[in-house]
Amino acid sequence: MPQPVLAFTLGDVAGVGPEITAKALLLHPDLREVCVPVVIGDADALRKGAEVAGLDPATVRVIEDPSQASNDPATIEVVQFGPSLGDVPHGELDARAGDGAYRFVVAACDLAKEGKVAGIVTPPLNKAAMHLGGHKYPGHTELLAEQFGVEDFSLVLSAGDLYFFHLTTHVSMREAIELITPERTTAVLDLAASFVRALGRPDEAIAVAGLNPHAGEDRLFGTEDADILAPAIEAARARGVNAHGPLPGDAVIPAAVRGKWNIVICCYHDQGHAPFKAVYGNDGVNITVGLPVVRVSVDHGTAFDIAGKGIADEESLVLAARRAAALAPGWDEVWRTARGQAEPR
């Protein structure tokens, strides 16, 4: 099969996005064996990022369309969108950078809709800068979901064969509890089931972490586990999904880290993110399941404190590109489920 074309959005150019993009695409030529990377962003900011990384800014080549990409490992090919951002300072909130990060994502989505790219790989954006630029989104995931018009999606953290799905993400704890409904739980269980089918492991066990301490302890510590999660899990099992739970979060997540579970559904942002980042740091990636194309992101922020110093680590971006390239060929199954078009089990 031909390598999938992947759109690398540049992220917030005041952060480490341009630097790690330059490092990933110039210092890891073996990436070209699994994908065709095309940067969606700003050539001047990318040249500045290459220079910061101690690489040749002349390797940045502007193309008009992803179809023109040569996949030469000695070049970084970028499709320019919008005005130059080369004079945006490092490490500072800047509305221009926030607006650019938004525009790059929207452009990548448009290219995906046109069938010109098979996946999207995202360096970090800064939510505050994006808001300064006039775009009020909680983050990448919600912006991507809006661009593709989807409602059933999940942020998934992954390291190796371990995947943490989330019922809720960028909302307050109070709102997260309100958003954990039978419908949402069913949707994410179905997304997880379609995902393991796309991985070629349809019988993979899916563990659901409980919302409350000890998964509610028979309603002693809350009723949501027994009244919302448990019936949705039971119904999923009746549909053929190998789902288990709700299981106490402080038991199931350590067990997953030790290898007992590969797929875990977490109830809220920090239930999954805090232990995942504590164990895996930058060795993980962030996948959005439920979009028509695969999207994989680094699992770190814009790192304003080290932007422009040439010391940013590109390994999470390299992992994201590899994961996107591996998932792209089987992504249609996950997308059909998100659109309610999956074949009966």
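Refer to the structure printed above.
Everything quoted here is computed from the prediction, not taken from an experiment.

Caption draft 1: Structural context of the nonpolar core. Formed by 72 residues in total, the largest nonpolar core has its most connected members in Phe 165, Leu 189, Ile 265, Ile 287 and Val 289. Counting residues in hydrophobic clusters, the runner-up holds 30 residues, among them Ala 101, Ala 108, Leu 143 and Leu 291.

Caption draft 2: Spatial organisation of the state of the cysteines. This model, assessed by the stated rule, comprises zero disulfides. Note on Cys 267: no disulfide assigned, nearest cysteine sulfur contributed by Cys 266 at a separation of 7.7 Å. Cys 267 sits in the buried class, given a relative accessible area of 0%.

Caption draft 3: Just the packing of helix H1 (residues 17–27) against helix H2 (residues 43–52), in detail. Closest axis-to-axis distance for the H1/H2 pair is 7 Å, and the angle between their directions is 70°. Considering their axes alone, H1 and H2 lie roughly perpendicular with respect to each other. Residues Pro 18, Glu 19, Thr 21 and Ala 22 of H1 form the contact with H2, whose own contacting residues are Ala 45, Leu 46, Gly 49, Ala 50 and Val 52. Looking at the contact of H1 with H2 residue by residue, the class counts come to six nonpolar, two polar and one charged.

Caption draft 4: How the structure looks around the pattern of salt bridges. Tallied over the entire structure, the rule returns 14 salt bridges. With a closest N to O distance of 2.8 Å, Glu 19 and Lys 23 form a salt bridge. You can see Glu 19 and its partner Lys 23 sitting in helix H1, four residues apart, about one turn around the helix. Residue classification places Lys 23 among the buried positions, given a relative accessible area of 9%. One salt bridge connects Arg 219 with Asp 227, and the closest N-O pair in it is separated by 2.6 Å. Judged by relative accessible area, which is 40%, Asp 227 ranks as partly exposed. Within this structure, Asp 65, Glu 114 and Lys 116 form a network of salt bridges that share partners.

Caption draft 5: The pairing of strand S10 (residues 263–266), seen in detail. Residues Ile 263 and Ile 265 line one face of S10 and the alternating positions Val 264 and Cys 266 line the opposite face, and both faces are buried. By the bridge criterion, four bridges tie strand S7 (residues 162–166) to S10 in an arrangement that is parallel. Residue pairing across strands places Phe 165 opposite Ile 265, the latter belonging to S10. When strand S8 (residues 206–209) meets S10, the two strands line up parallel, connected through three bridges. Looking at S10, one finds that Ile 206 is bridged to Ile 263.

Rules used in this analysis
- Residues numbered from 1 in each chain as written.
- Predicted model: local features only at pLDDT ≥ 70, side-chain atom pairs only at ≥ 80, totals over all residues.
- Heavy atoms only, no water.
- Core = buried A, V, L, I, M, F, W, Y, C linked by side-chain atoms within 4.5 Å.
- Buried < 20%, exposed > 50% of the residue type's maximum accessible area, 1.4 Å probe, protein only.
- Disulfide = S-S within 2.5 Å.
- Axes fitted to C-alpha atoms, helices over the stretch in contact; angles between N-to-C directions.
- Helix = DSSP H or I, 4+ residues; strand = E, 2+ residues; numbered from the N terminus.
- Parallel < 35°, antiparallel > 145°, perpendicular 65-115°, else oblique.
- Contact = heavy atoms within 4.5 Å.
- Nonpolar A, V, L, I, M, F, W, Y, C, P; charged D, E, K, R; others polar.
- Salt bridge = Lys/Arg side-chain N within 4 Å of Asp/Glu carboxyl O.
- Pairing = 2+ DSSP bridges.

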